[in-house]
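Letter by letter, the chains look like this.
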Amino acid sequence: MNRTRRRSLAVIAVLGALAAGGLAACSSDAATGASGSGDGSKAALDSFKVVLDWSPNTNHNGMYLAKEKGWYADAGLDVTFLEPGDAGSLQVLAGGKADVAVSVQEELIPARAAGLPVQSIAAILQHNTSSLVSLASDGITRPKDLEGKTYGGYGGQLETALLDKLVRCDGGDPKKVKSVDVGESDYRVGLERNQYDAVWIFDGWDGIHLQQQGVKTNTIPFIDHTDCIPDWYTPLLATSTKVEQSRPDDLKAFMAATARGYREAMADPDAASAALLAQTHDLDPKLVKASSTYLSTRYADDPKAWGQQQAKVWDDFSAFLLEAGLIDKQIDVGAAWTDDYLPGS
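Thresholds, definitions, all that
Along each chain, the written sequence defines residue order, and numbers are assigned to residues from 1. The predicted origin of the model limits local features to residues at a pLDDT of at least 70 and limits the giving and counting of side-chain atom pairs to 80 or more, whereas totals for whole chains, interfaces and linings rest on all residues. With hydrogens and water set aside, each side-chain value is computed from the structure's full complement of heavy atoms. Helix and strand assignments follow DSSP, with helices taken as H or I runs no shorter than four residues and strands as E runs no shorter than two, numbered in order from the N terminus. Take the number of residues in a helix, subtract one, and multiply by 1.5 Å to get its expected span. Exposed residues in this analysis have more than 50% of their type's maximum accessible area, buried residues have under 20%, and partly exposed residues fall in between, with area computed by a 1.4 Å probe over protein chains only. Strand pairing is assigned whenever DSSP detects at least two bridges linking the two strands. Looking down the strands as they point away from the viewer, one classifies a crossover as right-handed if the path from the first strand across the helix to the second runs clockwise. Criterion for a disulfide: a pair of cysteine sulfur atoms within 2.5 Å. pLDDT is defined as a per-residue confidence score from the predictor, taking values between 0 and 100. Contacts between residues were defined by any pair of non-hydrogen atoms, one from each residue, lying within 4.5 Å. Between Lys or Arg on one side and Asp or Glu on the other, a salt bridge is scored when a side-chain nitrogen of the former is within 4 Å of a carboxyl oxygen of the latter. All axes are obtained by fitting lines to C-alpha atoms, using only the stretch in contact for helices, and the reported angles, taken between N-to-C directions, cover 0 to 180 degrees. Think of a polar contact as two N or O atoms within 3.5 Å of one another; within protein, one of them needs to be a possible hydrogen donor and the other a possible acceptor, and neighboring residues in sequence only count if both atoms come from side chains.

A. Here's a closer look at helix H10 (residues 248-267). With 20 residues, H10 should reach 28 Å at 1.5 Å per residue; the first-to-last C-alpha distance of 29 Å fits that figure. Those residues of H10 that fall on the buried side of the exposure criterion are Asp250, Leu251, Ala253, Phe254, Met255, Ala257, Thr258, Ala259, Gly261, Tyr262, Ala265 and Met266.

B. The arrangement of the pairing of strand S7 (residues 150-153) in detail. Burial of the side chains of S7 extends over both faces: Thr150 and Gly152 are buried on one face and Tyr151 and Gly153 on the other. As paired strands, S7 and strand S8 (residues 178-181) are joined by four bridges and run parallel to one another. Along S8, the bridge assignment pairs Tyr151 with Ser179. Regarding the hand of the β-α-β motif, the stretch spanning S7, helix H6 (residues 157-169) and S8 is right-handed.

C. Expanded view of the state of the cysteines. Tallied over the entire structure, the rule returns one disulfide. With a sulfur-sulfur separation of 2.3 Å, Cys169 is cross-linked through a disulfide to Cys228. Residues Cys169 and Cys228 are joined by a disulfide whose S-S torsion is about 90°; by sign, that bridge is right-handed. Of the two residues, Cys169 sits in helix H6 while Cys228 sits in the loop between strand S10 (217-221) and strand S11 (236-240), which places them 59 residues apart along the sequence. Overall, the relative accessible area of 46% leaves Cys169 in the partly exposed class. On the basis of relative accessibility, which here comes to 10%, the residue Cys228 falls in the buried class.

D. Summary view of the confidence of the model for the chain. Of all residues in the chain, 88% attain a pLDDT of 70 or more, and the chain-wide mean is 89. Of the regions scoring below 50 in pLDDT, residues 2-7 engages in 26 contacts with residues more than four places distant in sequence or in other chains. Considering only residues more than four positions removed or in separate chains, one finds that residues 10-41, a stretch of pLDDT under 50, has 66 contacts.

E. Local environment of the pattern of salt bridges. Summed over the entire model, instances satisfying the criterion amount to six salt bridges. Put simply, Asp99 and Arg247 hold a salt bridge, and the shortest N to O gap is 3.2 Å. Placement of Asp99 in the loop between helix H4 (89-94) and strand S4 (100-103) and of Arg247 in the loop between helix H9 (241-246) and H10 is noted, with a sequence separation of 148 residues between them. Between Lys144 and Glu147 there is a salt bridge; the shortest N-O distance is 3.7 Å. You can call Lys144 partly exposed: its relative accessible area is 32%. On the accessibility criterion, Glu147 (23% relative accessible area) is partly exposed. One continuous salt-bridge network, built from bridges that share partners, spans Asp99, Arg247 and Asp250.

F. Inspection of the sheet that holds strand S9 (residues 198-202) at higher detail. Strand order in the open sheet formed by five strands is S8-S7-S9-S6-S10, with mixed pairing between adjacent strands. Only two strands of the sheet have a single partner each, and these edge strands are S8 and S10. For this sheet, the mean inter-axis angle between neighbouring strands, taken without regard to orientation, is 35°. Taken together, the two bridges between S7 and S9 define a ladder with parallel strand orientation. Considered in S9, the bridge of Gly152 is made with Val199. Here helix H8 (residues 203-212) sits on the sheet and contacts strand S6 (130-135), S9 and S10; the angle it forms with S9, its principal contact strand, is near 120°.

G. Structural view of the pairing of S11. With five of five residues buried, S11 is to be regarded as a mostly interior element. Note: strand S5 (residues 118-123) against S11, five bridges, orientation antiparallel. Bridge pairing in S11 places Ala123 opposite Leu236.

H. View of helix H5 (residues 105-113). Among the nine residues in H5, eight count as buried, and that is most of the element. Residues Gln105, Glu106, Glu107, Leu108, Ile109, Pro110, Ala111 and Ala113 constitute the buried set of H5. Among the residues trailing H5, Gly115 stands out with phi positive, at a value near 95°.

I. Structural view of the side chain of Ser291. Along the chain, Ser291 falls in helix H12 (residues 285-296). There is a polar contact of 2.6 Å between the side chain of Ser291 and the side chain of Thr58.

What follows is the structure, encoded as structure tokens:
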């Protein structure tokens, strides 16, 4: 998922450049996936489009499982998954080409600051599952150990702000950490060729992939350093003001089936990985299965609480982005998210 991270960091700078009518979304291979065992005929279902943050992966397990089980069809929805192309999922959403978007908090807050009418409606993962990874042989076990080392990144302001804060909080000097562009190379190749010493990864995908390749690594999980940097929601589900106003019942029906899908993915990760693999192409089954098992314990601490968001997470991360200069004004944080569409709300 390194390209997902690259675009996530790059899109922050261009969110204000939304052009009316200039957005396009390409259909994922998953769009032709089976609609499941619902009783309703497809012709009678209401079209409902979900734009992903990138290509299908295990972060989307609950939705693919809900589709395979027919829970969307039972709710009267014909759900189609789209890939965002170069536009980015929030731009596709704001442009009226989708009803729900998979996004991340570091994109949604700048989008709100830029005036895009989008709002988070669920946290897919309750906590951040990112880390800095390095080869075990390099002995990097804490942020201060990055002094004199090279970080492989994408040149984003968020990366710089997080890295600087982590190193400084651990008593180190961020100016002693060199940064280079990680490019599109495989993380393993870049680390083993000493192109860089540490890189930002998703534990539930990249970290598992490195383990399966037999690479011995050390990690610095972001979630272990919330005394220094904030936790944040990555990924999340978002919708637009237009959809909230025109399709509130469909939105609630979608979220009820989606929550059921993620709860089932937590209880039966093998079923979740099978559903994803059955509706997509070019994914490594071994990696998908291991990732599904890993995420099954991280979608939420309590299955009944899947999707719920906390005001403190939104307040703290918004303040961090403002301090880092990733937004130039304080937003109305309370208007950036809601749990009202979750079942039981």
